[in-house]
Amino acid sequence: MNLLLTGGMGYIGSHTAVALTLAGHRVVLYDNLSNSAQVMAERLERITGVSPLFVSGDVRDTDRLCHTLRHHAIETVIHFAGLKVVGESLEIPLDYYANNVQGSISLLQAMHVAGTRALVFSSSANVYGEPRYLPVDECHPTGVTNPYGRTKLHVEEILHDLARSDPAWRIVCLRYFNPVGAHESGLIGEHPQGLPNNLMPYIARVATGELAELQVFGNDYPTPDGTGVRDFIHVMDLAEGHACAVAYLNAHPGWQVINLGTGQGYSVLEMIRAFEVASGRPVPYRIAPRRPGDSASCYANPEKAHRLLNWTARRTLAQMCATTWAFQSGMGTEGPA
Ligand code: NAD
Ligand code: UDP
């Protein structure tokens, strides 16, 4: 199948490109490289043996998208492109609405004109807000608390309206929990620019010695060890979830939201310990105040993904840490991707 991956040069998009290419699909990566680098294309070729088709472009450029969809006879789009940092979205909300909401509308207009009606959308567990019960299933009420989450919910709702308006549309919104880890080759992974906001990339850079210590945001939560608990999911499991969503779309019109998580929560201290074992390096930390807006615990009920997509996360916490370390520690010779 011919697939367009907007934001396909980024962290989750690139891993998904690997999974789809190895499954025999032909992928076109459409990206403005605002948070990725051209070198990704070579890395993907080294992993898959197939040179990826890359189109440099912004998702707000409707004409360019339309041309790309037609030129490559695209049957399904996976829409990763967007901005993703919660804290930043509070500072520059307009950029978030422009990239994430306007960008999605532009993509949908291009798809409408080009006649492509199948879409997988990268949504987030962020749309649930503070969990009211655990594990979080798709019936859990939404409760966004920041502009980033609102952009995701707005786009989900736009997609729902679109699917209601025209039965030809086939749409799956995937609500990711906490993607971590890297491809087992160590060639591609997550390399945030500047100081990492998320736990795993921060731990990885403390383990290399680049950063002195990790701040653990709060140890007085109502969790077994007092630190926050999250549903960390290996990015290659997530990538395979997209391949399953593409297969599902083939046969199912309409609109669905589906969680992609493991169903298992790990605490911040458990993550630190697992990373120390995987890397053989110490991860110094100190307890700091809670981070505003953080919830104590959040993990998925992944049953719907199993039922509809026949997908279950398989990789362990040890694999999440080992692949992160392989990528992070190999970066001196390889450079970031
Ligand atoms: P990423 O920043 O690594 O990848 C996003 C890619 O989109 C980048 O390559 C960037 O250059 C590109 N891009 C951004 N704006 C663009 C635009 N206007 N036009 C074209 N390309 C553009 O992020 P990621 O972690 O791979 O996330 C992918 C998607 O998954 C995002 O939509 C994100 O909100 C969502 N998501 C991510 C996480 C996570 O923890 N990583 C969790 C939940 C949801
Ligand atoms: N966290 C932490 N120190 C950090 C970054 C994160 O203690 O430097 C904690 C955070 O408070 C939360 C967990 O790690 O309990 C996961 O945070 P992350 O930002 O990775 O994901 P999110 O909060 O968006 O689920």
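Residue numbers run consecutively from 1 along every chain, following the written order of its sequence. Note on labels: chains are lettered from A, ligands numbered from 1, in written order. A pLDDT threshold of at least 70 governs which residues receive local features in this predicted model, and a stricter bar of 80 or more applies before side-chain atom pairs are shown or counted, although totals over entire chains, interfaces and linings include all residues. Each side-chain value is derived from all of the structure's non-hydrogen atoms; neither hydrogens nor water enter the calculation.

- The name given to the protein chain in an unreviewed UniProt entry is UDP-glucose 4-epimerase, and the organism recorded there is Candidatus Magnetaquiglobus chichijimensis.
- UniProt positions are given in the numbering used here, feature names are shortened, and annotations may be inferred rather than shown by experiment. Database annotation for the protein chain, UniProt heading Cofactor (unreviewed entry): "NAD(+)".
- In UniProt, the protein chain has this text filed under Catalytic activity (unreviewed entry): "UDP-alpha-D-glucose = UDP-alpha-D-galactose".

**Some remarks on the site of ligand 2**
Step number 1: Residues are classed as near a molecule or strand on a simple rule: at least one heavy atom within 4 Å of it. In the neighbourhood of ligand 2, 13 residues make up the surrounding shell, with Leu199, Gln215, Arg230, Arg291 and Asp294 lying closest.
Step number 2: Identification of polar contacts relies on pairs of N or O atoms within 3.5 Å, with a donor-acceptor requirement for protein atoms, meaning one able to donate a hydrogen and the other able to accept it, and with residues adjacent in sequence counted only if both atoms are side-chain atoms. At 2.9 Å, a side-chain N or O of Asn178 approaches an oxygen atom of ligand 2.
Step number 3: Between ligand 2 and Asp294, the relevant distance is 2.5 Å, taken from an oxygen atom to a side-chain nitrogen or oxygen of the residue.
Step number 4: Each accessible area value is a Shrake-Rupley result obtained with a 1.4 Å probe; residue values ignore everything except the protein chains displayed when judging cover. Protein contacts shield 87% of the accessible area of ligand 2, which totals 510 Å² for the unbound molecule.
Step number 5: Of the residues in the shell around ligand 2, the class split is five nonpolar, five polar and three charged. We call Asp, Glu, Lys and Arg charged. Ala, Val, Leu, Ile, Met, Phe, Trp, Tyr, Cys and Pro are nonpolar, and the rest, Gly among them, are polar.

**Some thoughts on the nonpolar core**
Step number 1: In this structure, Leu5, Leu174, Leu260 and Leu309 are the most contacted members of the largest nonpolar core, which totals 38 residues.
Step number 2: A helix here means a DSSP run of H or I that spans at least four residues, while a strand means a run of E at least two residues long, and both kinds are numbered starting from the N terminus. In terms of residue count, the dominant contributor to this core is helix 8 (residues 235-251) (eight residues).
Step number 3: When near neighbours in sequence (up to four residues on either side) are disregarded, Leu260 contacts Leu174, Arg175, Tyr176, Phe177, Ile233, Leu238, Gly241, His242, Ala305, Leu309 and Trp311.
Step number 4: We define a nonpolar core as any set of buried Ala, Val, Leu, Ile, Met, Phe, Trp, Tyr and Cys residues linked to one another through side-chain atoms lying within 4.5 Å. Under the scheme applied here, a residue whose accessible area is under 20% of the maximum for its type counts as buried, over 50% as exposed, and between as partly exposed, the area being computed with a 1.4 Å probe on protein chains only. In terms of nonpolar packing, the next biggest core, distinct from the first, is built from 25 residues, Ala81, Leu159, Ala163 and Trp169 among them. Whether two residues are in contact is decided by their heavy atoms: any pair within 4.5 Å suffices.

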